[in-house]
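# Residue-level structural notes
For reference, the chains in residue letters:
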Amino acid sequence: MTANHKLIATLAVLALVPSRPSAAQTDVPGRIAIARKELIIGSREDSERQRRPGYLAGRIGQLRDLIRDEILRQLNGGQWKDSTLLQNLAPALTKEWNGPLSLIHKQLNGADLVIIGYSIRHGPSAIPDSTVVIEAFRKVADRYELVDQTGEGLANSVPKLEQLSGPWTNEIWILAHGQQTGVMQYHERVRIYSFDGQRFKELWGHEPLRQATFEAEKGQVKVMFETEEDLQEMVLTLALLPQGPMQISLLPKQ
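The paragraphs below set out a description of the structure included in this document. (Residues numbered from 1 in each chain as written. Predicted model: local features only at pLDDT ≥ 70, side-chain atom pairs only at ≥ 80, totals over all residues. Heavy atoms only, no water.)

### Brief notes about the packing of aromatic side chains
Tallied over the full model, the rule gives 3 aromatic pairs. Centre to centre, the rings of Tyr193 and Phe200 are 6.5 Å apart; their planes meet at 70°, and the pair counts as edge-to-face. With relative accessibility at 1%, the residue Tyr193 sits in the buried group. Their ring planes at 40° and their centres at 4.7 Å tell us that Phe195 and Phe200 sit as a pair that is tilted. Judged on exposure class, the residue Phe195 and its partner Phe200 are both buried. Linked through ring pairs, Tyr193, Phe195 and Phe200 together constitute an aromatic cluster. (Phe/Tyr/Trp six-rings, centres within 6.5 Å; stacked < 30°, edge-to-face > 60°. Buried < 20%, exposed > 50% of the residue type's maximum accessible area, 1.4 Å probe, protein only.)

### Notes on the packing of helix α5 (residues 55–75) against helix α6 (residues 82–93)
Two measures define how a pair of helices packs: the angle their axes make with one another and the distance between the axes. At their nearest, the axes of α5 and α6 sit 11 Å apart, and the two run at 155° to each other. Here α5 lies roughly antiparallel to α6, going by the angle between them. The crossing of α5 and α6 is right-handed. Residues Ile67, Glu70, Ile71, Gln74 and Leu75 of α5 touch α6, and the partners they reach there are Leu85, Asn88, Leu89, Ala92 and Leu93. In terms of residue class, the contact of α5 with α6 is made up of 7 nonpolar, 2 polar and 1 charged. (Axes fitted to C-alpha atoms, helices over the stretch in contact; angles between N-to-C directions. Helix = DSSP H or I, 4+ residues; strand = E, 2+ residues; numbered from the N terminus. Parallel < 35°, antiparallel > 145°, perpendicular 65-115°, else oblique. Left-handed = near helix turned anticlockwise from the far one by under 90°. Contact = heavy atoms within 4.5 Å. Nonpolar A, V, L, I, M, F, W, Y, C, P; charged D, E, K, R; others polar.)

### A word on the nonpolar core
Residues Ile71, Leu75, Leu93, Ile116 and Tyr118 are the most contacted members of the largest nonpolar core, which totals 25 residues. Ranked by residue count, the leading element in this core is α5, at 7 residues. Not counting the four nearest positions on each side in its chain, Tyr118 is found in contact with Arg36, Arg64, Ile67, Leu93, Pro100, Leu101, Thr131, Val132 and Val133. (Core = buried A, V, L, I, M, F, W, Y, C linked by side-chain atoms within 4.5 Å.)

### Remarks on the environment of Glu226
Along the chain, Glu226 falls in strand β10 (residues 220–226). As a C-alpha pair, Glu226 and Gln211 span 15 residues in sequence and 6.1 Å in three-dimensional space. If we ignore the near neighbours within four places in the chain, the residues touching Glu226 are Arg210, Gln211, Leu231, Gln232 and Glu233.

### A look at the sheet that holds strand β6 (residues 157–164)
An order of β6-β7-β8-β9-β10-β11-β12 is seen for the 7 strands of this open sheet, with the pairing classed as antiparallel. Looking at strand neighbours, the two that pair on one side only are β6 and β12 (244–252), the edges of this open sheet. The mean angle between the axes of side-by-side strands here comes to 25°, regardless of whether they run parallel or antiparallel. Taken together, the 6 bridges between strand β9 (residues 200–217) and β10 define a ladder with antiparallel strand orientation. When the bridges of β10 are listed, Glu215 appears paired with Lys222. (Pairing = 2+ DSSP bridges.)

### Some details on the pattern of salt bridges
Counted according to the given criterion, the structure contains 9 salt bridges. Arg59 is the partner of Glu38 in a salt bridge, and the nearest nitrogen-oxygen pair spans 2.4 Å. One end of the pair, Glu38, is in helix α3 (residues 28–38); the other, Arg59, is in helix α5, and 21 residues separate them in sequence. Among the residues examined, Glu38 registers a relative accessible area of 31% and is labelled partly exposed. Across the salt bridge formed by Glu202 and Arg191, the nearest N and O atoms sit 3.1 Å from each other. Residue Glu202 is found in strand β9, and its partner Arg191 is found in strand β8 (residues 187–195); the two are separated by 11 residues along the sequence. (Salt bridge = Lys/Arg side-chain N within 4 Å of Asp/Glu carboxyl O.)

### Some thoughts on the pairing of β9
Across 8 bridges, β8 lies against β9 in antiparallel orientation. Its bridge partner being in β9, Ser194 is matched across the sheet by Lys201. Following β9, the chain reverses through 2 residues before pairing antiparallel with β10; Gly219 in that reversal takes a positive phi of roughly 85°.

Geometry only, nothing functional implied.
Okay, here's the thing in structure tokens:
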């Protein structure tokens, strides 16, 4: 066998040996933790760095990509249940500050869908801001893939997701609400979204509501809150109609 033939044979054998994942690939949760810490301002240097044009948006985008890779890794990693998926994702998505982590898993129009909601904190360590991420993943053949994302209307809050009993069988309706960051009094941001398996659509929203609580019932949502002027307790009732959520009453709480 000539030297060239030996080289070709060696290369062929090496091609059959599975390559080991790099340290960067196997320690995604660690990279996520480091990226999260870089978004929190704890010194003058941190503050100056975050004021650079494009820095914050770029770092948040990189972190979202890392987190999405971790979500897809776990979705495509084998058998899981909703409870175990949440448990396994929590260390990477919420460990640093114990924020809400939401999961909605549903069969819709013949497809397996997973919707995950979480927040990314950034800014001053004492009172950080929050970027809200809501992403939908669909199983195609035997692999999950990202379908669509939303959450901009909930900026600077720490919301959780609740599935509603919407009027359409070919859509998922979602109530998303959570505490607003950066304010002295307790206020909640709130949005209602639909998801048809392809796209999110914002159906209803409201300005932040003081001391808000929510009750989701069949065909309607009740929002209890205090007025800003005289702290009167009110109840806003929304009917979940085919044309969208519609306010049907706004009354003092009995």
